[in-house]
Each structure stands twice: as C-alpha cells, then as structure tokens.
Amino acid sequence: MRIALAVLRRDRRSQVATVLVALGVMIAVSLVLWLLAAPNGLQARADRTAWRDGIGQADKGAISVAMNQDSYDGRLIERFDVARTEQGAVPVAAGISQFPEAGEVLLSPALADLVRNTPPEELGNRFPGRQIAELGPEALKFPGELVAIIGHEKVGNGYPAADLRGGAGSYRDDYHGMLYLLTRVGLVVLVVPCLVLVASAARLTAAKRERRLAALRLAGASPRQVVVMTAVETAIGAVVGSVLGVVLAQPFSHITAQVPWEGGTWYPGDFVPEPAVVAAVAVLAPLLVVGAAIMGLRRVVNQPLAAEAKRKVRSWRLLTMAGALGVFFLGIVYAQQSSGDGQFTVVLLGLGAVALALVLAGPVLTAWVGRFFVGRWRRPSTLLAGRRLAGDPVAAFRGSAGVVIAVFTGSMALTMLPGLESQVPYRDSTWLENAIVAEQVTHDITPLRLATSAPIVTMLDGTIRSGDYGMYVVVGDCADVAQVLIGLHCQAGPAVYSSGPLQGNEFRSSGKDPLIAQLPAQYERRPFEGGGRVSAVIDRGLLPSLAGDVSMVGVPTTPENRDTVHTALIGTLPGVRLVDGEQRGLLGDTLLADLQRATIIGLSIAAVLGGIGAAVAAAGSVIDRRRTFGALIAAGTPIRVLAHALRREVMLPVVAVTIAACGAGIVVGLGLLTLARGLVGHGEMPITPWVIAPVGVGVVVALVAALACGPVLRGISPRDYAAE
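Residues numbered from 1 in each chain as written. Predicted model: local features only at pLDDT ≥ 70, side-chain atom pairs only at ≥ 80, totals over all residues. Heavy atoms only, no water.

Okay, the overall build of the protein chain next. Looking only at helices and strands, one finds 22 helices and 16 strands in the protein chain. The proportion of buried residues among the 724 residues of the protein chain is 52%. Here the analysis covers contacts within the protein chain between residues at least 6 apart in sequence; of these, 81% occur between residues at least 24 apart. When the accessible surface of the protein chain is split by element, carbon and sulfur atoms take 60% of a total near 31,300 Å². (Helix = DSSP H or I, 4+ residues; strand = E, 2+ residues; numbered from the N terminus. Buried < 20%, exposed > 50% of the residue type's maximum accessible area, 1.4 Å probe, protein only. Contact = heavy atoms within 4.5 Å. Areas by Shrake-Rupley, 256 points an atom, 1.4 Å probe, with all protein chains shown as cover.)

Below, the structure is given as structure tokens:
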C-alpha cells in the first residue's frame, strides 16, 4: 500500500490517470442515479393519480363516475363527473378535501385560475356549481395539471366506484404498458455506455502499471501485494468520483424535473432515487472499477515475463452476437404471451446482451481491419495504425466501444420512432375536423338547443347484425349527418349509405338497454366513401320506430364558436364522451413530443458518453505507449505522421464496427417495435433513411475524440524513451 501511495504522490502520469478515473466514475454514477430515478418519478405520478384507477373496477359502488378528457386553448383537462348512488361517507384520496355533492365543484389550482380569467361561456360553464376547494398536489399528476371534479344528482352513463381513494398506482399501466417498456429500454441502453466509460477510465495507464507491477513480481512481490497495490491506486480515484457523482445527482434531479412529460413538468421530489439505491450505486461503482483493474492483472500475476505480450482475440466472440439476438427475440415472444412485472425481463436481458456482444465482437472486427490495411498500406501512418489494430485489437478497440454503443442506440431509436409515432392516439377519419360529437348521450337535449344556436345533429349508433358478426352504423337524417361525418353525400329519399351490402337486416342500438328494429325487405343502397369507424348510415325513414331516439349528438363548429359549443355540450350533457379532433390532436402531439424529446436526450447522452469514453481511451493509449512514441520520435518519425496514425487507429475500427452496430440497432428496433405494436394493437413499421445517420455521427464523434490525442502526443519527446 505504501508503494502505491508513493507512486501517486510522485508520478505525474498516475496522478492524471487518477483524476480521469474520478471524473469518469463521477459522470457514470450521476447518470446511473438519474436513470434509476426515472422509474421512481413515473411511479410517484402514478401514486398521486391512483384515485382515478379504481373507477369502473367493480360491478357496483357507492358513487358513479364519468371520466372524460376535455381541452381548452391547447391544454388538456381531466374531467370527472360524480354522483352518489348510496348514502354515507365517501372516502377520498390525499389532496381531495371532500367528496363534492350535487352543485359542488373541485378544481385544480391552475384550472381555477384559468376559469377566473376566462369568459364563463367559453370555459367556466363547463363546471356548473360552487367551487368548494382546490385539489392539492397529492392528487395531481404534475404542477399545473387541469383537473375538475363536478358533483351531480345523477350521472347516467358513469361507471361504478367504491370511493375516490383508489389503490396502489402503477405507471406500467400507462398507455398499454408501452411507457414502461420504453423507460426500461432507455435504462439498459444508457447504463451500458456508463459501464464502458468506467472501464475505459479504469484502464488508463494500464500498460505502464503492468510493466511496473511485473517488475515488482520478478523482484519478489507476492500476487496479493500486487493486487493490493492496484486496488489502492485505483480505489482512490474511484471513491472520490463516486462521492462527487452522488453529490451531483441532487442538482441534476432538479434540472430533470423541469423536462416536460405527458403535458407537464415534475414535482421536485419526483426524481429522487431511494437511499438504498444511492448507497448501492455509490458502493458498486468503485468496486466495479477496482474489479476491472484487478481483472487486467491476470498476466502480471501468473506470467510477469509475458506482461508485454499482445492480446489475441478469437473469432468465437462473433458467436456471442448470435446468442444475444437469440435471447432478445426469445424475450419478444415471451413478452407477447405473458403479462405482469416480469413481462419484459427477458427482453431487457437480451437487449443488454446485444450491447455487450457488440463490445466483445468489436476487437475481432478491429483485428480484421488492421490486417487488411497492413497488407494494403500506402502511407506510413496507415501502416502504423494497421500494425496497432492487428497487434493489439483489444486495446485498439477500447476507444471505440462507447461510440459503437451510441451508434447502436441511435439506430435502434430512429428505427422505433417513426413506428411509435403511428401508434400514439390518433384521430381517425370518421368525423369532420370542425365537428364535435358527443357519444353515450342519455340526456334530454333540450337544454343544449337553448344553450347554443349552432346546428345540432342527432344520431343513434348501433350495429347491423348477422349472427355473431356486426357492422357499426349510425341512424339519422342523411342531410344532417353529412354535416359532421366524412365521406357522406346525400340524395333525395330514404336510403342506406354503405360501402357494400349490409350483413343482415336487424339493427341493435348501443348501450345497456339496446333498441331493436328491422330494416324493410327492400331498400335503396347508395355509396358511402367514409374510411372511419362508421360502416354505414341509415336514414331514419327506413326505421320509423326509432324516430325520436338519440345516443349521439354532433355539432358542426366554426373557429369563432368552437369553445362556446364545447362548453355548451359539456355543461348540458354532463358525463358524455366528446370526440373532438382538436383534443385528440393535443393528446397525440403531447405524446409525440415526449417520444421525440426522450429520443433526443437519450441519443445526446449516449453520444457524449461515447465521445468521452473514446477520448479517455485514446489519451490513455498514448500515455501507455509513451516510450514507444518517444523511440519513434528519436528515430526521426515526424509527430504529424504519428498524429495521423493515432487518428486512423480510432477511425478505422469505428467505421467498420459502427456499420455492424447500425445493423444490430435496426434489427433490435424492429423487434421492440413489433412488441410495442402488440401492446397498443395498431401501428406501422416504417424504416427511414435516417436509421443510418448514427454511423456518420459516430464517425464524427470518434474523430473529435481522436483529436484529444494531440496535446498528449505533443508532450512526448525523445527524452521519454531515454528516461524509461
């Protein structure tokens, strides 16, 4: 131990290596803690909104609740119309002061401010009654969320619930579990570059250390003494870096809390990892660094005379890629057929295995590239680089490992992103853009007619059945329905408008107590060009027994009266589900923005980690070969030639291996996209030319990292060869 401390006090290069180890571990620890805090933040949101999850989970309950999404001025509003079905106290969740009775309203602080500053006919009338309190942060997903709980005498189309307390929330249920899958994927693909960075930092000055320790072994030092010296020398920087990483994680979490997700930012305490997780990471990071340094001493301990021997690589490393992909696709099949907390475990293990397999297979490709350029060199710098790649491919590839993982991550993300964009909530081609349609209407619509002068279209929705098969249709006056439905062109006289023959004559309305009517044996069928959910439109004249029945109300709007019409529908038909193109577009735009933001942040982090790892490894390779470069300079080799050789050492394997990493990223991205499509039930799998863009970015990042060798190389002189 005294020898190790003496080396650190007197050897400037060892001091520089210790500082770089500390910086590498600091970055890795802070990033890992941030990644591990992300699920905690999502879970904290789920816990605060758990009171919304118990609605509709039982056959009967003390209250009836209708959940709907509303919108105003480009912002989504979560709306809950509630009514008692039994007498007695109704338990409520933290943040909800009391259950609102008929004529009482609870609003979130942001929505209350918005109502006060907006004309009532545009917004306030949607929440009829007296505001009795504001919702606390314990009941809101994020600061500034717009939420309303409105009490009524009766909510006819609501769902039963025992209370407004809910149970244990789980963010893995958000949007069919896709968000859960994406957070775990991001955790895995960003932890691997962190590990590569830590390993690169741990291997700094490894060659010089091996020579020094081999000399000590030949002088009589025991294997245990060599291991202790290495552990002490490495642990000092690793422990300091771990402590700094834990300290930096706290302000980093507050910065992260300002990043929007699902329409809003986070509360300050959301992105805080658990103390046990912080302690585990703080302890494991130095242990991994020390372990990596000790694992590199096997040759020194067992064969000190062979410490200078170059490492050979075997082609069997390429088989690890096939095995990792096999585990990954086995996990895809397992996840599609199972559910629960372990649904994605095998997928994530396979994903991590693919990333590590790329690191293992990289030296094989590096050796191949080196042998290729040794046999076909045209410039001295190319020959020097080729000799290095072929002679010690493990050390030569070390600087490329982080860049390769970044390219793999980028290709995977850019393969998934276009497909995920087609899987977010979307507006179908059923209703016109300017129409607002209320579904599940069980109310008297007379108050709506009094509240707005806009034309009101009444419809009855249901199915035309033939055995177990049914076509979704609407019944209404064609001229009226054409004001809100896409693709309907009316002619005089009652008829059925459909794209093909109806599969039956019996109409059955939607709802709990369906109405049944028979179409006449003979009727005129006219073409219907709609491409949405509605397969046919039936004129009311063909079903006279249903003349006064209504289950849907549509209103065509203008930009000037849209908010007023929206408010009139909500205020006079409480609890109905509104199909509003603007609202659906807001939800889709929010999710798309989240996906794009997460992709940009993840790729930026991966690129920065890869670049730092490459720079550290490249600088370390120069420090390790200081005597070699000193000899070359003493023999008359220009520094310019050596600088070109160093850049080729970094660039040549990057170009070769990143192509393989890009292909692996595309394959894995398609697999994850298949799994995501199975979760949501729809979506496309497009591949755009952008999936190969990470290869170019990886080459640029590697080139910038290679430039880090310049200052270190210029500090070498022939005296270094003589001194050693």
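Under the counting rule described, the total for this entry stands at 15 salt bridges. Because the salt bridges share partners, they merge into one network encompassing Glu439, Arg533 and Arg577. (Salt bridge = Lys/Arg side-chain N within 4 Å of Asp/Glu carboxyl O.)

So, about helix α16 (residues 562-572). Along an α-helix, residues three or four apart share an orientation, since each turn contains 3.6 residues. Across the 11 residues of α16, 8 count as buried, placing the element largely inside the fold. For α16, every residue scored as buried is listed here: Arg562, Val565, His566, Thr567, Ala568, Leu569, Ile570 and Thr572.

To continue, consider the environment of Val441. As for its placement among the helices and strands, Val441 is situated in the loop between β7 (435-439) and α14 (446-451). Note on Val441: relative accessible area 5%, which makes it buried. The spacing of Val441 and Leu460 is 19 residues in sequence and 9.4 Å in space, taken between C-alpha atoms.

Bringing the nonpolar core into the picture now. Among the nonpolar cores identified, the biggest contains 77 residues, and Phe328, Leu351, Phe408, Met412, Val668 and Leu672 are the most heavily contacted of them. Among residues more than four places away in sequence, those in contact with Met412 are Val185, Val189, Leu351, Gly665, Val668, Gly669 and Leu672. Ala62, Ala139, Ile149 and Tyr267 belong to the second largest nonpolar core, which has 21 residues in total. (Core = buried A, V, L, I, M, F, W, Y, C linked by side-chain atoms within 4.5 Å.)

Taking strand neighbours across the sheet as the criterion, the 6 strands line up as β4-β3-β5-β2-β1-β6 in an open arrangement whose pairing is mixed. This sheet does not close on itself; its edge strands, each paired only once, are β4 (130-134) and β6 (159-161). This sheet shows a mean twist of 30° between the axes of neighbouring strands, independent of strand direction. Here strand β3 (residues 104-107) runs beside strand β5 (residues 146-152); their pairing, made up of 3 bridges, is antiparallel. Bridge pairing links Val105 to Ile150 in β5. Across the sheet, helix α3 (residues 109-116) touches β1 (63-72), β2 (75-84), β3, β4 and β5, and the angle it forms with β5 is around 80°. (Pairing = 2+ DSSP bridges. Axes fitted to C-alpha atoms, helices over the stretch in contact; angles between N-to-C directions.)

This paragraph deals with the state of the cysteines. All chains considered together, the criterion is met by 1 disulfide. Across the disulfide, Cys478 is cross-linked to Cys490 (sulfur-sulfur distance 1.8 Å). Between Cys478 and Cys490, the S-S dihedral sits near -95°, and the bridge is therefore left-handed. In this pair, Cys478 sits in helix α15 (residues 478-481) while Cys490 sits in the loop between α15 and β10 (496-498), placing the two residues 12 residues apart along the sequence. (Disulfide = S-S within 2.5 Å.)

For the rest of this paragraph, the subject is the packing of helix α6 (residues 223-256) against helix α7 (residues 275-295). Their axes nearest at 8 Å, the elements α6 and α7 cross at an angle of 150°. By the angle class used here, α6 and α7 are roughly antiparallel. Both α6 and α7 take part in a crossing whose hand is right-handed. Here Val227, Thr230, Ala231, Thr234, Ala235, Ala238, Val239, Ser242 and Val246 of α6 lie close against α7, whose contacting residues are Val278, Val281, Ala282, Pro286, Val289, Val290, Ala293 and Ile294. Of the residues that constitute the contact of α6 with α7, the class distribution is 14 nonpolar, 3 polar and no charged. (Parallel < 35°, antiparallel > 145°, perpendicular 65-115°, else oblique. Left-handed = near helix turned anticlockwise from the far one by under 90°. Nonpolar A, V, L, I, M, F, W, Y, C, P; charged D, E, K, R; others polar.)

On to the pairing of strand β9 (residues 469-475), then. Residues in a regular strand point their side chains to alternate faces of the sheet. In terms of burial, β9 is a largely internal element, 5 of the 7 residues being buried. In terms of strand pairing, strand β8 (residues 457-466) meets β9 through 7 bridges, oriented antiparallel. Residue Gly462 lies in a different strand from β9, and its bridge partner there is Val473. Two strands pair when backbone bridges link them, and β9 and strand β14 (residues 536-538) are joined in this way by 3 bridges, in the parallel orientation. Across the sheet, residue Val474 finds its bridge partner in β14, namely Val537.

There is a patch of nonpolar side chains on the surface, built from Leu195, Val283, Leu284, Leu287 and Leu288 and spanning about 480 Å² of accessible area. A total of 4 residues in the nonpolar patch trace back to one element, the largest contributor, which is α7. Within the secondary structure layout, Leu287 lies in helix α7. Classification of Leu287 as exposed rests on a relative accessible area of 54%. (Patch = residues over 30% accessible without salt bridge, like charges linked within 9 Å, V, L, I, M, F, W, Y side chains within 5 Å.)

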